[in-house]
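In case you want the letters, here they are:
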Amino acid sequence: MLEERKKRFSSVEGGPWGCVVVLAAFCIQVLAFGTSQSIGVYNIELLRYFKTGAMAISLVGSINLGVFLGAGPLASVLMTRWSHRQVALLGAVLCNIGLITMPFAPNLEYMYAFYGVLSGLGYCLVYVPSHVLSGLYFLKHRSLATGIATAGSGMGAAVFPVVMFKIIDYYGWRGSLYIVSGLNLHLLIFAALLRPVPKKFLKTIAAAEELQTLNVSKKRRKSEVNGCETENITPVNGQISNCDCNEIDTELDVNSTMLSADEKLGTYARLRKHFLAVFTIDFIIYWFSNICWNAGGAIVLIFFPEYAYSAGLSKENASITYTMAGAGSCIGCVLGGMLGNIKYFNRIGLYIGGNFGAGIVTLLLTLKVLHTFAGLFMISLVFGLMFGIILGLLVVVTSDLLGTEALGDGFGYLMFANGIGVFSGPPLAGLLIDMYGDEDLAMYLSGILTCCGGLTMCGVYVRKKLCGSRVRKEITINVEL
């Protein structure tokens, strides 16, 4: 009986090691995002210890988050030379070096270098390989696997602020950093669990994907298009849909011919073709939209604990209300992903709604009548929910704008845009606080920038209205693996 259960478990797609890798990726995100997004709890202590302005303090967290997200292309390059495990282990070492030096930092400049740059780069190098590898073990359940891994970011943002407040209360901010660094040492263990995908399994995945392509080819050869223009054909489990025509095209482009043609192109021509494929007008609009809402969201993540404390809450209650943003983000990521999978659902419209929702909620934060524990608790929860909906739609909106072939490259450039946003927003908000002495200005700026993210994305609809666009239809074809 035991042998039979082991055999049945091993036959699950991805196998036991696939489940281990997904769990390791989940734990990596709990630690990485939990530590980076909870730096706002330390801002309360750093402001009073260094007796400096809000702009200087905000740079500690904004540099860390900016490098964390912005160094994604570097991680991708390293993964082409080393294994996912090796890159993740390097990242675990770098982030722990940056953390363990924090208690000895004599000034903020050291914190910028070690925590901001070194730890931020380390978190990026441990996060990207784990997230990618968690999807490589799976084909049919790839979306579920990466979704489980991504849930770790919201879990970390929900748990770590309370944990950090408790240890700061007992050991002081310097002493607490030893414990945080000790927790992050577990990244070495989780990175070591990122076992490379076995060659035999890679061959199985490749064969399954080839079977999908063959099935798509057979389906297309059996029918012809009659007045229906199609651009995407996605082989997934489902029935043929989203097509107003009665028949489907018979012709299929030969990939080998296309590849041989690409190989004949020079380096400059290939790069030009690559950028033209990714940086379409719609994607450029989307890219700038991401800069805006990341700048606004980062202001809340870094300044909210100090803002709640200044509004009259105790440090403990301020950290508790801050955790609601992480809890709401967990729910929002799942909700956004579920709504985005509904047939005929307007994903770009939902993305725009998430931007406006998060921006309006942040503007409501400045109302003095809401400066109570219950008011700030609900504001933080709703903000996290809107923020999570945006996060849950990032991949699918990128796919809608670029198609699946350019998804990987497009998402890498999108991470860079996110890094620009989180790096620029908090220092600008801190400068306003230093100049005018009003913390409400930071929240006004956050709300306006986040709403600008949604307003910018409306440019996609404006472009289509003014310039017109080809009808984009997606055909879903049933494939039996």
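Worth saying up front: this structure is predicted, and the values here are computed from it rather than measured.

## Looking at the nonpolar core
Here is step 1 of the chain: Counting 113 residues, the largest nonpolar core has Tyr42, Met111, Tyr286, Phe303, Tyr351, Val397 and Met457 as its most contacted members.
Here is step 2 of the chain: A total of 16 residues in this core trace back to one element, the largest contributor, which is helix H13 (residues 281–310).
Here is step 3 of the chain: Setting aside residues up to four positions removed in sequence, Met111 forms contacts with Leu46, Phe50, Val60, Met102, Ala105, Gly116 and Trp173.

## Let's talk about the confidence of the model for the protein
Here is step 1 of the chain: Scored by pLDDT, the protein comes out at a mean of 77, with 74% of its residues at no less than 70.
Here is step 2 of the chain: Overall, residues 223–263 carries pLDDT values under 50, and its contacts beyond four positions in sequence, including any with other chains, amount to 80 contacts.
Here is step 3 of the chain: Throughout residues 469–481 the model reports pLDDT below 50, and contacts reaching past four residues in sequence, or to other chains, amount to 59 contacts.

## Side note on unusual backbone geometry
Here is step 1 of the chain: For Lys51, which is not a glycine, the phi torsion comes out positive at approximately 50°.
Here is step 2 of the chain: Note that Lys51 resides in the loop between helix H3 (39–50) and helix H4 (54–70).
Here is step 3 of the chain: The exposure class of Lys51 is exposed, given its relative accessible area of 71%.

## Thoughts on the packing of aromatic side chains
Here is step 1 of the chain: The final tally for this structure, using the stated rule, is 19 aromatic pairs.
Here is step 2 of the chain: Judged by centre distance (5.3 Å) and plane angle (70°), the rings of Tyr49 and Trp173 are edge-to-face. Here Tyr49 is found in helix H3, whereas its partner Trp173 is found in helix H8 (residues 142–184), with 124 residues between them in sequence.
Here is step 3 of the chain: Take Trp173: its relative accessible area is 8%, and that puts it in the buried class.

## Considering helix H15 (residues 347–364)
Here is step 1 of the chain: Under the 1.5 Å per step criterion, the end-to-end length of H15 is 26 Å for 18 residues, consistent within 8% with the ideal 26 Å.
Here is step 2 of the chain: Every buried residue of H15 is listed here: Arg347, Ile348, Leu350, Tyr351, Ile352, Gly354, Asn355, Gly357, Ala358, Gly359, Val361 and Thr362.
Here is step 3 of the chain: Capping the start of H15, Asn346 holds a side-chain oxygen 3.4 Å from the backbone nitrogen of Ile348, two or three residues further along.

## Notes on the packing of helix H2 (residues 15–37) against helix H7 (residues 108–136)
Here is step 1 of the chain: It is at 9 Å that the axes of H2 and H7 come closest, and there the two elements cross at 155°. Taken together, the axes of H2 and H7 lie roughly antiparallel to each other. You can see that H2 and H7 cross each other, and the crossing is left-handed. Residue-level contacts link Val21, Val22, Ala25, Ile28, Gln29, Ala32, Phe33, Thr35 and Ser36 of H2 to Tyr115, Tyr123, Val126, Tyr127, Ser130, His131, Leu133 and Ser134 of H7.
Here is step 2 of the chain: When the residues that make up the contact of H2 with H7 are grouped by side-chain class, the tally is 11 nonpolar, 6 polar and no charged.

## So, a nonpolar patch on the surface
Here is step 1 of the chain: Taken together, Ile100, Phe104, Met155, Val159, Val163, Tyr170, Tyr171, Tyr178, Ile179 and Leu183 make up a surface patch of nonpolar side chains, about 970 Å² in accessible area.
Here is step 2 of the chain: The greatest single-element share of the nonpolar patch, amounting to 8 residues, is contributed by H8.
Here is step 3 of the chain: For Leu183, a relative accessible area of 30% translates into the label partly exposed.

## Thoughts on the packing of H3 against H4
Here is step 1 of the chain: At a minimum axis distance of 10 Å, the contact between H3 and H4 shows a crossing angle of 145°. Two packed elements cross with a definite hand, and for H3 against H4 that hand is right-handed. In contact with Ile39, Asn43, Leu46 and Leu47 of H3, H4 contributes Ala54, Ile57 and Gly61.
Here is step 2 of the chain: Taken together, the residues that form the contact of H3 with H4 break down as 5 nonpolar, 2 polar and no charged.

## With respect to the side chain of Glu306
Here is step 1 of the chain: Summarising the element assignment, Glu306 is placed in helix H13.
Here is step 2 of the chain: Not counting residues within four places of it along the chain, the set of residues in contact with Glu306 comprises Ile44, Leu47, Arg48 and Glu439.

## A short note on the pattern of salt bridges
Here is step 1 of the chain: For the coordinates displayed, the defined rule picks out 5 salt bridges.
Here is step 2 of the chain: Ionic pairing is found between Glu45 and Lys315, a salt bridge with its closest N-O pair at 3.2 Å. Taken as a pair, Glu45 in helix H3 and Lys315 in helix H14 (residues 315–340) lie far apart in primary sequence, 270 residues in all.
Here is step 3 of the chain: Given a relative accessible area of 19%, Glu45 falls into the buried group.
Here is step 4 of the chain: Across the pair Lys368 and Asp440 runs a salt bridge whose closest N-O atoms are separated by 3.0 Å. Residue Lys368 is found in the loop between H15 and helix H16 (373–402), and its partner Asp440 is found in helix H18 (residues 440–457); the two are separated by 72 residues along the sequence.

What counts as what
Residues numbered from 1 in each chain as written. Predicted model: local features only at pLDDT ≥ 70, side-chain atom pairs only at ≥ 80, totals over all residues. Heavy atoms only, no water. Core = buried A, V, L, I, M, F, W, Y, C linked by side-chain atoms within 4.5 Å. Buried < 20%, exposed > 50% of the residue type's maximum accessible area, 1.4 Å probe, protein only. Helix = DSSP H or I, 4+ residues; strand = E, 2+ residues; numbered from the N terminus. Contact = heavy atoms within 4.5 Å. pLDDT = per-residue confidence, 0-100. Phe/Tyr/Trp six-rings, centres within 6.5 Å; stacked < 30°, edge-to-face > 60°. Expected span 1.5 Å × (residues − 1). Polar contact = N/O pair within 3.5 Å; in protein donor to acceptor, adjacent residues only side chain to side chain. Axes fitted to C-alpha atoms, helices over the stretch in contact; angles between N-to-C directions. Parallel < 35°, antiparallel > 145°, perpendicular 65-115°, else oblique. Left-handed = near helix turned anticlockwise from the far one by under 90°. Nonpolar A, V, L, I, M, F, W, Y, C, P; charged D, E, K, R; others polar. Patch = residues over 30% accessible without salt bridge, like charges linked within 9 Å, V, L, I, M, F, W, Y side chains within 5 Å. Areas by Shrake-Rupley, 256 points an atom, 1.4 Å probe, with all protein chains shown as cover. Salt bridge = Lys/Arg side-chain N within 4 Å of Asp/Glu carboxyl O.

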